[in-house]
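# Analysis of the macromolecular model
As a plain string of letters, each chain reads:
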Amino acid sequence: MQQPARNQAPSPQARLYIWPDHWQLWGHLLANRTHRHSSASLLVGLEGPFELECEGQWRTTRAALVAPDVPQALNPGQTDMWVVQLDPDSRPWLQLKGLLEGQPSRDLDPAIASLAEQPPADCGAMQQALAALLARYGRPLQPLDERVVACCRILRRDMPERLNLADLAARVGLSPSRLTHLFRSETGVSLRRFLLQLKMHRAMNCWAPGKTVSELAVEAGFYDQPHLVRTARELFDALPSAYAGTGWLQVCRCDLAP
């Protein structure tokens, strides 16, 4: 492979499209080790199959859906990927979760790859691909408990540095223990991990060429740089510097209205 000139920035290998409640990746992705997203994962091999590990078992598939907080690893091989990470309170996930039928992950129709075969021109093209998928494969919406919805809205709006469980529970009329159980039952993740997911989402949105990981940590509401790095490893098996600082990833900020 020809190396770029010393003063020439490398061409992006993948594009990241960010919305308030989900993000999509399109392009050549790096293999990763076992990690746990706090979001649901829709994974599609665009030219061919890829290898996916879920809960310690590897399999080869062309398209798969993985529930939030399920240990997983990805080896894309030579195929480009379309990856959609759906927050556990997002409407698209609430339309797709029924496909799992209670299982942690499930292979999907390989024809899904045809919905995003061409390089996307913009955010609209990516959103159309997801909308087409939901129209063809989505199930009736499974709404969350209104108190869980209220918690998600509060955390999204306030983005506290630390989770104050007692205060949050009081605001939705529940005891801390009841809220903890209900939130996990409804979303598949703990309140703490949901908040970390929101902060990582903000960090990705705040990224810009030349910005340091320390600056990202402050803007996204992490305690410090090591906290951001630990969270990125835990949720994605990735170091922010490996993506943000190399030109490997092009970030596209889409509809960022609340």
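Figured I'd write up the structure that's included with this text. Computed from a predicted model, the values in this text were never measured in an experiment.

## Digging into the sheet that holds strand 4 (residues 40-45)
Taken together, the seven strands give an open sheet; going across it, the order is 10-7-4-9-2-1-11, and neighbouring strands pair in mixed fashion. Looking along the sheet, the strands with just one partner apiece sit at the ends: strand 10 (105-107) and strand 11 (249-253). Averaged over all pairs of adjacent strands, the angle between their axes in this sheet comes to 15°, without regard to strand direction. Two strands pair when backbone bridges link them, and strand 4 and strand 9 (residues 81-86) are joined in this way by six bridges, in the antiparallel orientation. Along strand 9, the bridge assignment pairs S41 with Q85.

## Focus: the nonpolar core
Side chains that are nonpolar tend, in soluble globular proteins, to be buried together. Of all hydrophobic cores here, the largest spans 86 residues; its most connected members are W82 and W93. The biggest single contributor to this core is helix 6 (residues 191-206), with nine residues. Those residues in contact with W93, other than ones at most four positions away along the chain, are A40, L65, A67, P68, L86, D87, P88 and L100.

## Side note on the environment of P76
By secondary structure assignment, the location of P76 is in the loop between strand 8 (71-75) and strand 9. Counting along the chain gives 63 residues from P76 to R139, while the straight-line C-alpha distance between them is 28 Å. Excluding anything up to four places from it in sequence, P76 contacts L29, L30, A31, P49, F50 and M81.

## Topic: the state of the cysteines
As used here, a disulfide is simply a covalent bond connecting the sulfur atoms of two cysteines. Scanning the model with the defined rule gives one disulfide in all. Two residues, C123 and C254, share a disulfide whose sulfurs are 2.1 Å apart. Disulfide C123-C254: torsion about the S-S bond near -80°, hence left-handed. With C123 in helix 2 (residues 123-137) and C254 in the segment after strand 11, this residue pair connects regions lying 131 residues apart in the sequence. Of the cysteine sulfurs around C252, a residue in no disulfide, the closest is that of C123, at 5.6 Å. For C252, a relative accessible area of 16% gives the class buried.

## Details of helix 2
In this model, helix 2 (15 residues) spans 21 Å end to end at C-alpha, consistent with the 21 Å of a helix rising 1.5 Å per residue. The complete set of buried residues in helix 2 reads C123, M126, A129, L130, L133, L134 and Y137. Seen from one end, helix 2 has its buried residues packed into an arc of 135°, which puts them on one side. Residues of helix 2 that are exposed and point over 90 degrees away from its buried face: Q128 and A135. Looking at the buried positions of helix 2, the neighbouring elements they touch are strand 1 (14-18), strand 2 (22-27), strand 4, strand 9, helix 1 (91-96) and strand 11.

The rules behind these values
- Residues numbered from 1 in each chain as written.
- Predicted model: local features only at pLDDT ≥ 70, side-chain atom pairs only at ≥ 80, totals over all residues.
- Heavy atoms only, no water.
- Pairing = 2+ DSSP bridges.
- Helix = DSSP H or I, 4+ residues; strand = E, 2+ residues; numbered from the N terminus.
- Axes fitted to C-alpha atoms, helices over the stretch in contact; angles between N-to-C directions.
- Core = buried A, V, L, I, M, F, W, Y, C linked by side-chain atoms within 4.5 Å.
- Buried < 20%, exposed > 50% of the residue type's maximum accessible area, 1.4 Å probe, protein only.
- Contact = heavy atoms within 4.5 Å.
- Disulfide = S-S within 2.5 Å.
- Expected span 1.5 Å × (residues − 1).
- Arc of directions from axis to C-beta.

Any functional reading would require information that these geometric values do not contain.
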